[in-house]
Amino acid sequence: MNKHFEYTYTTGTFELWQASMYYAYSSFMGVVNVVFIVSSIALIVSRWNGASDLFRAVMAVLLLLFTVIQPAMIYLRCRAALGGKDQTISLTVEDEGIDVTADGKSGHITWDKVRGAVKKPTLVIIYSGDGAGYILSNKVLKETKNELYDFVQEKIKENSHARTE
């Protein structure tokens, strides 16, 4: 069956930030972050009343470190990575591969170069062999999210079987 998905969208700091946060919280670092947040809350609840003002400030900063400061730093890093400008991307996903147009440049990615796809609650990321990835948010995908993800997974699987034969 010949499937065809076409998307033209603008990706910006927020989409890159979302992908970075999903990556951070699905890795070992995420486990450490969650343990640290829970520990900070437990420390604040158990020690707040008897603590000095300095110790209260330290406890508050420890809690804010992983709930506000780290996400803000990741956001700033994402903004710097994009140079402060959004990028318009056109993706066409078909049986032959993925056609990409960005910044006036066009390219074709064959399925043997696609390394994987990840589906998160608010986005899908398609990773290509050159280390790049294409972030598609739910706003862009609309009702095609699951269908696109399943199609990409099927094509990756077909190609991995072709490489092993």
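Below: a short report on this structure. (Residues numbered from 1 in each chain as written. Predicted model: local features only at pLDDT ≥ 70, side-chain atom pairs only at ≥ 80, totals over all residues. Heavy atoms only, no water.)

Some thoughts on the overall build of the chain
The test is simple: Put simply, DSSP marks the helices as runs of H or I at least four residues long and the strands as runs of E at least two long, and each gets a number from the N terminus on. The globule rule is 2.2 Å times the number of residues to the power 0.38, and the radius of gyration it is compared with is taken over C-alpha atoms.
What the chain contains, in helices and strands, is 5 helices and 7 strands. Each helix and strand of the chain, placed in order from N terminus to C terminus, yields the pattern β-α-α-α-β-β-β-β-β-β-α-α. For 165 residues, the compact-globule estimate of 2.2 N^0.38 gives 15 Å, and the chain exceeds it by more than 25% at 21 Å. In terms of principal-axis extent, the alpha carbons of the chain reach across some 70 × 35 × 30 Å.

A few points about the environment of glycine 129
Filter applied, for reference: Burial classification: accessible surface area is computed with a 1.4 Å probe over protein chains only, and a residue below 20% of its type maximum counts as buried, one above 50% as exposed, and the rest as partly exposed. The contact criterion used is simple: two residues touch if any of their non-hydrogen atoms lie within 4.5 Å.
Within the secondary structure, glycine 129 sits in the loop between β6 (123-128) and β7 (133-137). Residue classification places glycine 129 among the partly exposed residues on the basis of a relative accessible area of 40%. Excluding residues that lie within four positions of it along the chain, glycine 129 makes contacts with Lys113, Val114 and Arg115.

Structural notes on the packing of helix α1 (residues 13-25) against helix α3 (residues 53-81)
Packed helices, taken two at a time, are described by their axes: the angle between them and the distance between them. Going by this rule: Axes here mean lines fitted to C-alpha atoms, for a helix over just the part in contact, with angles spanning 0 to 180 degrees between N-to-C directions. Every angle not falling under 35 degrees, over 145, or within 65 to 115 is termed oblique; those three ranges are roughly parallel, roughly antiparallel and roughly perpendicular. Crossing chirality is assigned from the near helix's rotation relative to the far helix, an anticlockwise turn below a right angle marking it left-handed and a clockwise turn marking it right-handed. Basically, the charged four are Asp, Glu, Lys and Arg, the nonpolar ten are Ala, Val, Leu, Ile, Met, Phe, Trp, Tyr, Cys and Pro, and anything else, Gly included, counts as polar.
Two elements in contact, α1 and α3, have axes separated by 9 Å at closest approach and are oriented at 130 degrees. The orientation of α1 relative to α3 falls into the category oblique. Here α1 runs over α3; the crossing is right-handed. Where α1 abuts α3, its residues Thr13, Phe14, Leu16, Trp17, Ser20, Met21 and Tyr25 lie against Phe66, Gln70, Pro71, Ile74, Tyr75, Cys78, Arg79 and Ala81. Here the contact of α1 with α3 is built from residues that sort into 11 nonpolar, 3 polar and 1 charged.

Points about the pattern of salt bridges
As a working rule, side chains carrying opposite charge can pair if their charged atoms are close by. Put simply, the rule reads: Any carboxyl oxygen of Asp or Glu that lies within 4 Å of a side-chain nitrogen of Lys or Arg is treated as forming a salt bridge with it.
Applying the stated criterion to the full structure yields 4 salt bridges. Notably, a salt bridge pairs aspartate 95 with lysine 155, separated by 3.2 Å at the nearest N-O pair. Highlighted residues: aspartate 95 in the loop between β2 (87-94) and β3 (97-102) and lysine 155 in helix α5 (residues 145-164), separated in sequence by 60 residues. Given the relative accessible area of 10%, lysine 155 is considered buried.

Looking at the sheet that holds β7
Selection rule: At least two DSSP bridges between two strands are needed for those strands to be called paired.
In spatial order, the strands read β5-β6-β7; together these 3 strands make up an open sheet with antiparallel pairing. Single-partner strands in this sheet number two, and they are β5 (114-120) and β7. Direction aside, neighbouring strands of the sheet carry axes that sit 10 degrees apart on average. Bridge analysis of β6 against β7 gives 5 bridges, and the strand direction is antiparallel. Considered in β7, the bridge of isoleucine 126 is made with tyrosine 134. Each of β5, β6 and β7 touches α1; the most contacted strand, β6, lies at about 85 degrees to it.

Topic: the packing of aromatic side chains
In plain terms, the rule: Planes of paired rings set the category: under 30 degrees apart is stacked, over 60 is edge-to-face and the rest tilted, where pairs are Phe, Tyr or Trp rings (Trp by its six-membered ring) whose centres lie within 6.5 Å.
Overall, the coordinates contain 4 aromatic pairs when judged by the stated rule. For the pair phenylalanine 5 and phenylalanine 151, a centre-to-centre distance of 5.6 Å together with 50 degrees between the ring planes defines the contact as tilted. One end of the pair, phenylalanine 5, is in strand β1 (residues 4-11); the other, phenylalanine 151, is in helix α5, with 146 residues separating them in the sequence. Across this residue pair, the class does not change: phenylalanine 5 and phenylalanine 151 are buried. Clustering of aromatic rings is evident, with ring pairs tying together Phe5, Trp111 and Phe151.

Focus on the nonpolar core
Quick reminder of the rule: Here, nonpolar core refers to any group of buried Ala, Val, Leu, Ile, Met, Phe, Trp, Tyr and Cys residues whose side-chain atoms link them within 4.5 Å.
The biggest cluster of nonpolar side chains holds 24 residues, and the ones touching the most others in it are Ile98 and Leu136. For this core, the element with the most residues is α5, which contributes 5 residues.

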